[in-house]
Amino acid sequence: MSDQPVIVFASFRPAPGREREVEDLLRWMVGHTRAEPGCERYDLYRRKDADEVSLHLFERYRDDEALQAHRASAHYVEYRAKIADMLASPIDVVVLDGLDVAG
């Protein structure tokens, strides 16, 4: 495991008519995840100027251990059990390594 910060970018495309439910669930996750000791950033965005709604989470964890703790948390497990049926397509999750990142 690395002791470098871990960046995650997750994108969500809600199923038609489920946009508000997805946003509400992700906002619920924001509150819970920001309280985790290893979470350094957990920000929710909505794509501008798009024909369909897409929501995006930008996440930063202290290290790999903090990301694993997040994924093992009760709120994460509950969110994952609910979210799949609300989406038009699977969550697009990308874990990134920083190449040139401002401090």
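Please refer to the structure placed before this passage.
Caption draft 1: Just the pairing of strand β1 (residues 6-12), in detail. Burial within β1 is extensive, with six of its seven residues counted as buried. Pairing of β1 with strand β3 (residues 55-61), which is carried by seven bridges, proceeds in the antiparallel orientation. Of the residues in β3, the one forming a bridge with Val6 is Tyr61. Relative to strand β4 (residues 92-96), β1 runs antiparallel, the two sharing five bridges. Counted as the bridge partner of Ala10 is Val93 from β4.

Caption draft 2: Region of the structure containing the side chain of Glu36. Take Glu36: it is sitting in the loop between α1 (19-34) and β2 (39-46). In this structure Glu36 is buried but unpaired, with Arg62 as the nearest side chain of opposite charge at 8.9 Å. Excluding its chain neighbours within four sequence positions, the residues that come into contact with Glu36 are Tyr61, His70, Ser73 and His75.

Caption draft 3: Here's a closer look at the nonpolar core. Judged by nonpolar contacts, the single largest core of 22 residues is most densely connected at Phe12, Val22, Tyr79 and Ile83. Looking at this core, the elements that each hand over two or more residues are β1, α1, β2, β3, α2 (64-72) and α3 (74-83). A total of five residues in this core trace back to one element, the largest contributor, which is α1. Leave out the neighbours within four places in its chain, and Phe12 touches Val22, Leu26, Val53, Ser54, Leu55, Leu57, Tyr79, Ile83, Leu87 and Ile91.

Caption draft 4: Quick peek at the sheet that holds β4. The sheet built from four strands is open, its strands ordered β2-β3-β1-β4 with antiparallel pairing. Of all strands in the sheet, those with a lone pairing partner are β2 and β4, marking the two edges. Between one strand axis and the next, the sheet turns by 15° as a mean value, whatever way the strands run. Judged from the seven bridges that link them, β2 and β3 form a sheet pairing that is antiparallel. Counted as the bridge partner of Cys39 is Tyr61 from β3. Lying on the sheet, α2 is in contact with β1, β2, β3 and β4; it crosses β3 at an angle near 130°.

Caption draft 5: Local environment of the packing of aromatic side chains. Enumeration according to the criterion identifies one aromatic pair in this entry. The ring centre of Trp28 lies 5.9 Å from the NZ or CZ of Lys82, which sits over that ring.

So, how was this worked out
Residue numbers restart at each chain and count upward from 1, following the sequence in its written direction. With the structure being a predicted model, the display of local features is reserved for residues of pLDDT at least 70 and the display and counting of side-chain atom pairs for 80 or more, all residues being used for whole-chain, interface and lining totals. The side-chain numbers reported here are obtained from all heavy atoms of the structure, hydrogens and water having been left aside. Three labels apply to residues, based on accessible area from a 1.4 Å probe with only protein chains included: buried if under 20% of the type maximum, exposed if over 50%, partly exposed otherwise in between. Working definition: helices are DSSP H or I runs of at least four residues, strands are E runs of at least two. Numbering for both runs from the N terminus. When DSSP finds two or more bridges between two strands, those strands count as paired. His is not counted here, nor are the chain ends, while Lys and Arg score as positive and Asp and Glu score as negative. Here, a salt bridge means any side-chain nitrogen of Lys or Arg that lies within 4 Å of a carboxyl oxygen of Asp or Glu. The contact criterion used throughout is that any non-hydrogen atoms of two residues lie within 4.5 Å. By nonpolar core we mean a set of buried residues, namely Ala, Val, Leu, Ile, Met, Phe, Trp, Tyr and Cys, connected to one another through side-chain atoms within 4.5 Å. Axis angles are defined between N-to-C directions and span 0 to 180 degrees, where every axis is a line fitted to C-alpha atoms and, for a helix, only to the segment in contact. Stacked, edge-to-face and tilted are the three classes for Phe, Tyr and Trp ring pairs, Trp counted by its six-membered ring, which pair at centre distances within 6.5 Å; planes under 30 degrees apart are stacked, over 60 edge-to-face, the rest tilted. Two conditions define a charge sitting above a ring: the NZ of Lys or the CZ of Arg must be within 6 Å of the ring centre, and it must be within 35 degrees of the ring normal.

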